[in-house]
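Observations on chain architecture
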Amino acid sequence: MEFHKATLDNGLQIVAEQSPAAHSVAVGFFVRTGSRDETQEVSGVSHFLEHMVFKGTDRFAADDVNRIFDEIGAKYNASTSEEVTLFYGAVLPEYLPRIFDLLAEILRPSLRTDDFDTEKKVILEEIGRYEDEPTFTAYETLMQTHFAGHPLGQCILGTVDSINALTADQMRGYFNQRYLAGNITLAVAGNFDWDEVLALAEKQCKDWPAGDPGRTVTEAQPPGGIEVITNPSSHHQHIMQMTPAPPSSHPDRYAAELLGVIVGDDSGSRMYWDLVDPGYAEMAEMSYNDYDGSGVYLMYCGCAPEQTAENMRRIETIFHEVNDKGVTEEELTQAKNKVSSRIVLRSERPMGRLGALGSNWLYRGEYRSVEDDLNVIAGITSDDIRRLLDEYPLGQTTTTAVGPLESLNGEVS
């Protein structure tokens, strides 16, 4: 694999990992904007805008966009998070010019008022659908509580009220502020010709307006707390917890990922053996999530309501034991094998490499090969885990629960 990079005069950054042996090529435009970049007046606009991008341009109607993707057999989609809006597609190498043309074209959408009014109904339906999902409600409430007063606490979808109040002019204003060339990274992975990629970028993107709106990045100082949402008709209790972990630029982020696997992987972890395998919980997991300037350990437990109190105590015991005694060499070796396998398996398709390529550049301005990541994982020791736990211990800083229980008094210390 060979790495390439370039920057257009307007500030658009291009990173590419060339793999001549691959049978496909993946292209992604990573826009550094998400719910944390919104004001309360436009809450949900990033996600709404992601939908509007597919509603057409001056050259292509919405039907044309879908038709062309289908004609070239593209696997494509888009996503919006707290920090990034991503538009991507993967095709056979001979269709690179067509998918590049289409993706670059829709990044300059028409944003017609009629389309906006129609799509607003779709967004409101989506909000209603998610609000019926208890795990979504628990996660959204947890983010808002844990990051209270911090931009990461802002909802990706927005609310029914914020979407109803949002205007097409507000969306156009947000687009003009955030979709600047200097705020976008173009990533390409797989089988391609680098000179062709540069030529396509110059042709399709050189006239995009320059600029970089930037982002204020401060590490969150969560106040903590417990939020309980009672649903008498539910037969299951859903509990989520967060506590601070290393931010995306922290050198111990790999150690944090290994710790998450040791403590809360969906198989063979401490939470699996202590809660799931004995039948105390249907699901009990913990993972590490990193953001610009902040990070969290995220825990989820789904169980029968009558098991909630004891399961919270079991999880608290696990956290205390890990904080006090660290992890065993056997656990560390198993976690390294799991994480290394996942990195390699994900990397065997250009589509799998695209996310790592774009994210590493967007968050840290660096290129990391598969070998780079595997070497770091292989070199992590139990002393590294100990150092991580001393700076970022496991805990139950913030808790949310959705289910039939009216309170968690006594279940969380």
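Residues numbered from 1 in each chain as written. Predicted model: local features only at pLDDT ≥ 70, side-chain atom pairs only at ≥ 80, totals over all residues. Heavy atoms only, no water.

As assigned here, the chain comprises domain 1 (2-206) and domain 2 (225-403). Each of domain 1 and domain 2 has a C-alpha centre, and the two are 27 Å apart. Counting residues at the interface gives 39 residues for domain 1 and 32 residues for domain 2. Summed over both partners, the interface of domain 1 with domain 2 comes to about 3,100 Å²; 76% of that surface belongs to carbon and sulfur atoms. Per-residue buried area on domain 1 facing domain 2 is highest for Glu 17, Leu 142 and His 146; these three make up 20% of the total on that side. (Domains from an automatic or database assignment. Contact = heavy atoms within 4.5 Å. Buried area = accessible area lost by both parts, 1.4 Å probe.)

Time to look at the UniProt feature "domain: Peptidase M16 N-terminal" (unreviewed entry) in the chain. With numbering aligned to this structure, UniProt lists the feature "domain: Peptidase M16 N-terminal" (unreviewed entry) at residues 14-159. When the span residues 14-159 is considered, its composition is 42% helix and 17% strand, and the gap between its end C-alpha atoms is 35 Å. (UniProt positions renumbered as here; feature names shortened; annotations may be inferred. Helix = DSSP H or I, 4+ residues; strand = E, 2+ residues; numbered from the N terminus.)

A word on the packing of aromatic side chains. Summed over the entire model, instances satisfying the criterion amount to 12 aromatic pairs. Ring centres 5.9 Å apart and planes at 45 degrees place the aromatic pair Phe 3 and Trp 361 in the tilted group. In this pair, Phe 3 sits in strand 1 (residues 2-7) while Trp 361 sits in helix 13 (residues 350-364), placing the two residues 358 residues apart along the sequence. Here Phe 54 and Phe 87 contribute two aromatic rings whose centre-to-centre distance is 6.2 Å and whose plane-to-plane angle is 45 degrees, an arrangement assigned as tilted. Residue Phe 54 is found in the loop between helix 1 (45-53) and helix 2 (62-71), and its partner Phe 87 is found in strand 5 (residues 85-91); the two are separated by 33 residues along the sequence. (Phe/Tyr/Trp six-rings, centres within 6.5 Å; stacked < 30°, edge-to-face > 60°.)

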